[in-house]
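Understanding the architecture of this molecule
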Amino acid sequence: MADTELLSGKLLYEFRTMQAMVEIYCKAHHPLKPSQGVCLQCSEFLSYANTRLDRCPYGQDKPTCNKCPVHCYKPHMKQRAREIMMYAGPRMLLPHPIFAIKHLLAERKPTPGLPPERVSNRHLRKLKQS
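Sequence order as written defines residue numbering, which begins from 1 separately in each chain. This being a predicted model, a pLDDT of at least 70 is required before a residue's local features are given, and a value of 80 or more before pairs of side-chain atoms are given or counted; all residues contribute to the totals for chains, interfaces and linings. Note that the side-chain values use all heavy atoms of the structure and ignore hydrogens as well as water.

**Observations concerning the layout of surface pockets**
Within this model, the largest pocket holds a volume of roughly 680 Å³. As for the largest pocket, its lining consists of 29 residues, of which Thr 64, Cys 65, Asn 66, Met 85 and His 103 are closest to the centre. Each helix corresponds to a stretch of at least 4 residues labelled H or I by DSSP, and each strand to a stretch of at least 2 residues labelled E; elements are numbered beginning at the N terminus. Only α1 (9–29), α2 (40–54), α3 (75–88) and α4 (97–107) provide two or more residues apiece to the lining of the largest pocket. Residue classes follow a fixed rule: Ala, Val, Leu, Ile, Met, Phe, Trp, Tyr, Cys and Pro count as nonpolar, while Asp, Glu, Lys and Arg count as charged, and any other residue, Gly among them, counts as polar. Taken together, the residues of the lining of the largest pocket sort by class into 17 nonpolar, six polar and six charged. Cavity and pocket criteria rest on a 1 Å grid covering protein atoms alone: a 1.4 Å probe that fits but cannot get out defines a cavity, protein on both sides within 12 Å along at least 5 of 7 lines defines an open pocket, and an atom within 4 Å of a point defines a lining residue. Grid points are joined across faces, edges and corners, and a volume is the space filled by probe spheres set on the points.

Okay, here's the thing in structure tokens:
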């Protein structure tokens, strides 16, 4: 996926964790899928998640989504993400133990306050370009 070129550091790691969860979910819920690994519907969700991570106001200090005070997903996509995570989360430990453990440890961090201005990945990328 070419979209991941936008992300780096912790945000890229978050995207790869989400990608692993979507693959587990898609494999169980969408039996007819192309050879790329996920169906079109799940691929569109991953593209949306990538955009949201790129524009996260916390930037590289992003908390886990369920602890975040800023809700950047649209309601229907937020529900879809919750559905995917509830299904795939408990099943992550065997195929992707490092992703699962790091995600559980990140959830234990305290809830952050309001995000600082202009630290999103998108803002930083635009500053580098100009």
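**Focus on the environment of Ile 98**
Within the secondary structure layout, Ile 98 lies in helix α4. By relative accessible area, Ile 98 is classed as exposed at 57%. Partly exposed describes any residue whose relative accessible area lies between the buried limit of under 20% and the exposed limit of over 50%, with all areas from a 1.4 Å probe on protein chains only and scaled to the type maximum.

**Quick look at the environment of Glu 83**
Checked against the element boundaries, Glu 83 lands in helix α3. A C-alpha to C-alpha distance of 9.0 Å links Glu 83 and Tyr 25, two positions 58 residues apart in sequence.

In short, shape yes, function no, at least from these values alone.
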